[in-house]
Amino acid sequence: MGGLTHLIVFSPVNLLLDLGTNLTWLNCRNIKSLSSLRLVTCESSTCKSISGNGCDGKICLYREPSPFLLTNHTVTKTDRVVQDKATIFSTESGIPPSLVSFRPFTFSCAVQQNLHGIAPPISGVIGLSSGELPFWRQVTSAFNVIPKFALCLPSSRVGTLYMGATSSYDTPVFGGKNPVPMTLTPLKIDSGKYLVSVTSIYVDGVSLTLDPSLLEGGAQLSTVVPYTVLQTDIYNALAQSFTLKATKIGMTETTGHAPFKHCFASGKNIDGSVMEIGLPGNGKEVKWRFQGANM
């Protein structure tokens, strides 16, 4: 099995990929072909393996802050844990896509009040955390392949989710014949979060002056928050340095782009300024570059 993409759970549904959610949860009312839905009991090993589980009588509950509540992650949703069959498209090198199924697939049926913040056609969340029962781990376990997954999230066009054992993943091409160069940046996992260590932040080759302790916790990867979120002192240092550079090369600051505070009009000089983030990798510091329209 080279990888798995184009997810279909029971009947085709659109789901949000979330690196921070432990258990996939769905709006079961939008799924027309639940074939053999079964409630998971509190005393089962499945329920006990779910982080933050709870009970409603004998029925297992899943408790987790909704990923859509970006300003208040303390609001917790509570939904019943269930199992059924899942069917997905399988893609294998040199072989046309085919449907494969597995059971039991463990997930949570969201109650209506916990669907606040979901805009159609999204019907739920695929959990991709490092926990015991995220979607990718259930798939790789069902087909007895190496438990790993990969995401390709380009700035435009359709992204791809790969799951399972494969020696390599196709590298997308952006605006030309040459593939995007791949640089290894080690991940670390802490409390179910995927983190990358950050050693420094640069604007036009000049490192920001920061208290080293601000970078010690690393940067959390997220597929839910639609833009980068920085600790206040880091943001202030970055905004000051970038604004000075942007002003020098003739960029014009604009207003009225909430929730953003410092914004600049695009123009002929925008490619002259580069922001870089220093990351450890391959035994030395690797720099992620943000240039031109990507800023």
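Numbering of residues begins from 1 in every chain and follows the order in which that chain's sequence is written. Local features in this predicted model are restricted to residues of pLDDT 70 or higher, and side-chain atom pairs are both shown and tallied only at a pLDDT of 80 or more, whereas totals for entire chains, interfaces and linings draw on every residue. Think of the side-chain values as coming from all heavy atoms in the structure, minus any hydrogens and water.

Caption draft 1: The arrangement of the state of the cysteines in detail. Any two cysteine sulfur atoms lying within 2.5 Å of each other are counted as a disulfide. Scanning all chains against the criterion turns up 3 disulfides. There is a disulfide in this structure between Cys28 and Cys109, and the S-S distance comes to 1.9 Å. Between Cys28 and Cys109 the disulfide shows an S-S torsion of about -95 degrees. By sign, it is left-handed. In this pair, Cys28 is assigned in the loop between strand E3 (25–26) and strand E4 (38–39) and Cys109 in strand E8 (residues 95–109), connecting sequence segments 81 residues apart. Numbering of helices and strands runs from the N terminus; a helix is a DSSP stretch of H or I covering at least four residues, while a strand is a stretch of E covering at least two.

Caption draft 2: Expanded view of helix H3 (residues 232–248). Take the number of residues in a helix, subtract one, and multiply by 1.5 Å to get its expected span. A rise of 1.5 Å per residue sets the reference length of H3, with its 17 residues, at 24 Å; its end C-alpha atoms lie 24 Å apart and thus fit the reference within 8%. Turning to H3, its buried residues number three or more, namely Ile234, Ala237, Leu238, Ala239, Phe242, Thr243 and Ala246. Side-chain atoms alone can form a polar contact between residues adjacent in sequence; in general such a contact is a pair of N or O atoms within 3.5 Å, and within protein one must be able to donate a hydrogen while the other accepts it. If you check the start of H3, you find a side-chain oxygen 2.7 Å away from the backbone N of Asp233, and it comes from Gln231. Per-residue accessibility, obtained with a 1.4 Å probe over protein chains only, is compared with the maximum for each type, and a residue is labelled buried under 20%, exposed over 50%, and partly exposed between these values.

Caption draft 3: Quick peek at the nonpolar core. The set of buried Ala, Val, Leu, Ile, Met, Phe, Trp, Tyr and Cys residues whose side-chain atoms join them within 4.5 Å is what this entry labels a nonpolar core. Core analysis: the largest hydrophobic core is formed by 21 residues, its most contacted members being Ile88, Phe102, Phe105, Phe107, Phe135, Val139 and Met163. Those elements giving two or more residues to this core turn out to be strand E7 (76–92), E8, helix H2 (135–142) and strand E11 (160–163). Considering each element in turn, this core owes the most residues, 5 residues, to E8. Val203, Leu210, Ala246 and Met275 belong to the second-largest nonpolar core, a separate cluster that totals 18 residues.

Caption draft 4: The arrangement of the sheet that holds strand E12 (residues 187–190) in detail. Only strands that DSSP links by at least two bridges are regarded as paired with each other. The 3 strands lie next to each other as E12-E13-E16, forming an open sheet whose pairing is antiparallel. A strand with exactly one partner marks an edge of an open sheet, and here the two such strands are E12 and strand E16 (219–220). Here 2 bridges tie strand E13 (residues 193–196) to E16, and the two strands are oriented antiparallel to one another. If you follow Leu195 over to E16, its bridge partner there is Gln220.

Caption draft 5: Structural detail: the packing of aromatic side chains. We call Phe, Tyr and Trp rings a pair once their centres come within 6.5 Å, taking the six-membered ring for Trp, and we label the pair stacked below 30 degrees between planes, edge-to-face above 60, and tilted otherwise. Counted under the stated rule, the structure contains 8 aromatic pairs. Geometrically, the ring pair formed by Phe105 and Phe135 is edge-to-face, given 5.3 Å between the ring centres and 85 degrees between the ring planes. Of this pair, Phe105 sits in strand E8 while Phe135 sits in helix H2, and the two are 30 residues apart along the sequence. Its relative accessible area of 0% is what places Phe105 among the buried residues. Residue classification places Phe135 among the buried positions, given a relative accessible area of 0%. Relative to Phe149, the ring of Trp136 lies with its centre 5.2 Å away and its plane at 40 degrees, an arrangement referred to as tilted. A residue pair is termed long-range when its members are at least 10 positions apart, and Trp136 in helix H2 and Phe149 in strand E10 (residues 149–152) qualify at 13 residues. A relative accessible area of 5% places Trp136 in the buried class.

In short, the description is geometric, and any link to function would need to be established separately.
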